[in-house]
Amino acid sequence: MEKKGIKVGISHGDINGIGYEVIIKTLMDPLINDICIPIVYGSPKVAAYHRKALKINNFSFNNIRSAEEANPRKANLINCLGDDIRVELGKSTPHGGEAAFISLENAVEDLKNGLIDVLVTAPIDKHNIQSENFNFKGHTEYLKARAGAEEVLMFLIGESMRIGVATGHVPLKNVPGLLTTELLIKNIKLMNQSLILDFGIRKPKIAVLGLNPHAGDNSLLGTEEVEIINPAIARAEEDGIMAFGPFPADGFFGAGSFTKFDGILAMYHDQGLAPFKALSFDSGVNFTAGLPFVRTSPAHGTAFSIAGTGEASENSFRQAIYLACNIFKNRQMYAEIAINPLRHHNIEIHSEKVDELPPEIFNPEQPV
């Protein structure tokens, strides 16, 4: 029986950024079709514009009308836009925002209807996409609302670390007021669940960072560690979760302690993303934990300044596709084992047990 390919829905992001460049460069590699069936929600006209700007002559999309028509050996594209769409490379425009939303909306609708298996999102401009239909801070919040999920976690995945962010996209001045013991417990539990379900790690070790310099230095530099973070770690331990900390963020990354843990929970955006991007900018992946479906994206933005120049690296986008497929298979394996535990009592839930993926894919079974 022929193995069914994973249908990967790809939203094209902002049409004036590097989205099409990293998509096309990734899909030019024939190895991708051994891993999945890529389906881009976009525009043949926009794709042709980018191919011309990038001087790419040896690639073309297979234009289809619906995901059911996807050719398993081709890079497929569903036209979601009208012929009047206008590309202005390197510029943030209303057209760019509208086109990004239409692509995303169509891909999510197919995802919810089971026509595609996973979603990989190219970068959007969080400003020009705002409208009556999209009043969210970004992809994460939009997908949470569309899925009806109670809690989600921005989870950055790289070769050397997996790091989640407790407070997400909020102004730094608001972070202390948003941090509560209950919020941190929810995030620790969600990270623990994701590490088990999505990454096949049976007993994850989670590091929790402090909020203040030197993790408060015994309340000399702040009391959040003692009053909020310590109680959350204690509660998590009571529930059988291996949570440790709070760790001072500077020493934790500077001394390489992050390599000893399966997951890291940062208190705010830049505390987690600054070291992550310093170590994994070219290959890191943004994964939204807690959704009923799998969604990944490259860990970079629209990069308007280099759009159309050919300078953008597709590595992060490629890894986003690989990781989405890997997580999808891990979830299938976990569900199968949960249904038939006796049949699989000797099987460990590891990515290498699920199906063959390229050797460069992150190995999620090992602590990082």
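Residues numbered from 1 in each chain as written. Predicted model: local features only at pLDDT ≥ 70, side-chain atom pairs only at ≥ 80, totals over all residues. Heavy atoms only, no water.

K.L.:
I tried to follow unusual backbone geometry on my own but got confused; where do I start?
P.N.:
Leaving glycine out, the prevailing phi sign among residues is negative, and the prevailing peptide bond configuration is trans. With an omega of 0°, the peptide bond between G245 and P246 qualifies as cis. Position of P246 relative to the elements: it lies in strand 9 (residues 242-247). Even without a glycine there, the phi angle at N218 is positive, about 55°. Looking at the secondary structure, you find N218 in the loop between strand 8 (205-209) and helix 8 (224-238). The exposure class assigned to N218 is exposed, which follows from its relative accessible area of 76%. Within the chain, A303 stands out as a residue other than glycine whose phi angle is a positive 50°. By secondary structure assignment, the location of A303 is in the loop between strand 12 (294-298) and helix 11 (315-339). (Helix = DSSP H or I, 4+ residues; strand = E, 2+ residues; numbered from the N terminus. Buried < 20%, exposed > 50% of the residue type's maximum accessible area, 1.4 Å probe, protein only.)

K.L.:
Could you clarify how one ought to interpret the sheet that holds strand 9 in this entry?
P.N.:
Sheets are built from strands paired through backbone hydrogen bonds, the pairs being either parallel or antiparallel. Ordered in space as 3-4-2-1-5-12-11-6-7-10-8-9, the 12 strands form an open sheet in which the pairing is mixed. On the outer flanks of this sheet lie strand 3 (62-64) and strand 9, each paired with one strand and no other. Across the sheet, the mean angle separating the axes of adjacent strands is 25° when strand polarity is ignored. Sheet topology places strand 8 next to strand 10 (residues 263-266); three bridges connect them, and they run parallel. Within the sheet, the bridge partner assigned to V208 lies in strand 10 and is L265. Contacting strand 1 (6-11) and strand 2 (36-42), helix 1 (residues 19-27) runs over the sheet at an angle of about 155° to strand 2. (Pairing = 2+ DSSP bridges. Axes fitted to C-alpha atoms, helices over the stretch in contact; angles between N-to-C directions. Contact = heavy atoms within 4.5 Å.)

K.L.:
Hey, could you run me through the pattern of salt bridges in this one?
P.N.:
As a working rule, side chains carrying opposite charge can pair if their charged atoms are close by. Scanning the entire structure with this criterion turns up 10 salt bridges. The shortest N-O distance in the salt bridge between E109 and R146 comes to 2.8 Å. Highlighted residues: E109 in helix 4 (residues 94-112) and R146 in helix 5 (residues 139-147), separated in sequence by 37 residues. A residue is classified by how much of its surface remains accessible, and E109, at 36% relative accessible area, is partly exposed. One salt-bridge network, held together by shared partners, links R86, E88 and K91. (Salt bridge = Lys/Arg side-chain N within 4 Å of Asp/Glu carboxyl O.)

K.L.:
So what exactly am I meant to see when it comes to helix 8 here?
P.N.:
The periodicity of an α-helix, 3.6 residues per turn, causes residues three or four places apart in sequence to face the same way. Between its first and last C-alpha, helix 8 extends 20 Å over 15 residues, near the 21 Å set by a 1.5 Å rise per residue. Of all the bends in helix 8, the greatest, near 30°, is centred on N230, and the proline P231 appears no more than four residues after it. Buried within helix 8 we find E224, E225, I228, I229, A232, I233 and A236. Elements in contact with the buried residues of helix 8: helix 6 (175-178), helix 7 (181-197), strand 8 and strand 9. Phi turns positive one or two residues past the end of helix 8, at G240, with a value near 85°. (Expected span 1.5 Å × (residues − 1). Bend = angle between axes of the 7 residues up to and from the residue.)

K.L.:
Quick question: what am I supposed to make of helix 1 here?
P.N.:
Among the nine residues of helix 1, nine are classified as buried, and the element is accordingly described as predominantly covered. Listing the buried residues of helix 1 in full gives G19, Y20, E21, V22, I23, I24, K25, T26 and L27. Each element contacted by the buried residues of helix 1 is listed here: strand 1, helix 2 (32-35), strand 2, helix 3 (44-54) and helix 11.

K.L.:
How do you make sense of the pairing of strand 9 when you look at a structure like this?
P.N.:
Here is the key point about a regular strand: its side chains alternate between the two faces of the sheet. Here strand 8 runs beside strand 9; their pairing, made up of four bridges, is parallel. Each bridged residue has a counterpart across the sheet, and for K205 the counterpart in strand 9 is M242.

K.L.:
Honestly, the nonpolar core in this entry has me stumped. Any pointers?
P.N.:
Where a protein is soluble and globular, its nonpolar side chains tend to be buried together. In terms of nonpolar packing, the biggest core is built from 70 residues, with I10, L27, F61, L184, F199 and I321 touching the most fellow members. Per-element accounting of this core gives the leading share, nine residues, to helix 11. Leaving out residues up to four positions away in the same chain, I321 has contacts with I10, T26, L27, I32, C36, V120 and T296. Counting 25 residues, the second largest nonpolar core, distinct from the first, contains I64, A70, F101 and F293. (Core = buried A, V, L, I, M, F, W, Y, C linked by side-chain atoms within 4.5 Å.)

K.L.:
Mind showing me how you'd approach the packing of aromatic side chains here?
P.N.:
Each aromatic ring pair is specified by the distance between its two centres and by the angle formed by the two planes. Evaluated as defined, the whole model comprises 14 aromatic pairs. Measuring from centroid to centroid gives 5.9 Å for F253 and F258, while their planes differ by 35°, and the two rings are tilted. As far as the burial class goes, F253 and F258 line up, both buried. Cluster of aromatic residues (ring-pair linked, three or more members): F244, F247, F252, F253, F258 and F261. (Phe/Tyr/Trp six-rings, centres within 6.5 Å; stacked < 30°, edge-to-face > 60°.)

K.L.:
Sorry if this is basic, but what is going on with the packing of helix 7 against helix 8 here?
P.N.:
Relative placement of two packed helices is described by the angle separating their axes and the distance separating the axes. At a minimum axis separation of 8 Å, helix 7 and helix 8 run at an interaxial angle of 40°. If you check the angle between helix 7 and helix 8, you find them oblique. The element helix 7 and its partner helix 8 pack so that their crossing is right-handed. Only E227, I228, I229, P231, A232, R235 and A236 of helix 8 make contact with helix 7, whose side of the interface consists of T181, L184, I185 and I188. (Parallel < 35°, antiparallel > 145°, perpendicular 65-115°, else oblique. Left-handed = near helix turned anticlockwise from the far one by under 90°.)

K.L.:
Which parts of the structure should I look at to understand the state of the cysteines?
P.N.:
Note on terminology: disulfide describes a covalent bond linking the sulfur atoms of two cysteines. Tallied over the full model, the rule gives zero disulfides. In this structure C80 is not part of a disulfide, and its nearest cysteine sulfur, from C36, lies 18 Å away. Here C325 is not cross-linked by a disulfide; its sulfur's nearest cysteine counterpart is in C36, at 4.5 Å. Overall, the relative accessible area of 0% leaves C325 in the buried class. (Disulfide = S-S within 2.5 Å.)

K.L.:
Whenever I open this one, the side chain of D110 confuses me. Can you help?
P.N.:
Its location among the elements puts D110 in helix 4. For the buried D110, no salt bridge exists, and the shortest N-O distance to an oppositely charged side chain is 8.7 Å, to K7. At 2.7 Å, the side chain of D110 and the side chain of Y41 are in polar contact. Leave out the neighbours within four places in its chain, and D110 touches Y41, A67, I78, L115 and I116. (Lys, Arg positive; Asp, Glu negative; His and termini not counted. Polar contact = N/O pair within 3.5 Å; in protein donor to acceptor, adjacent residues only side chain to side chain.)

By themselves, these are just geometric observations and shouldn't be taken as functional.
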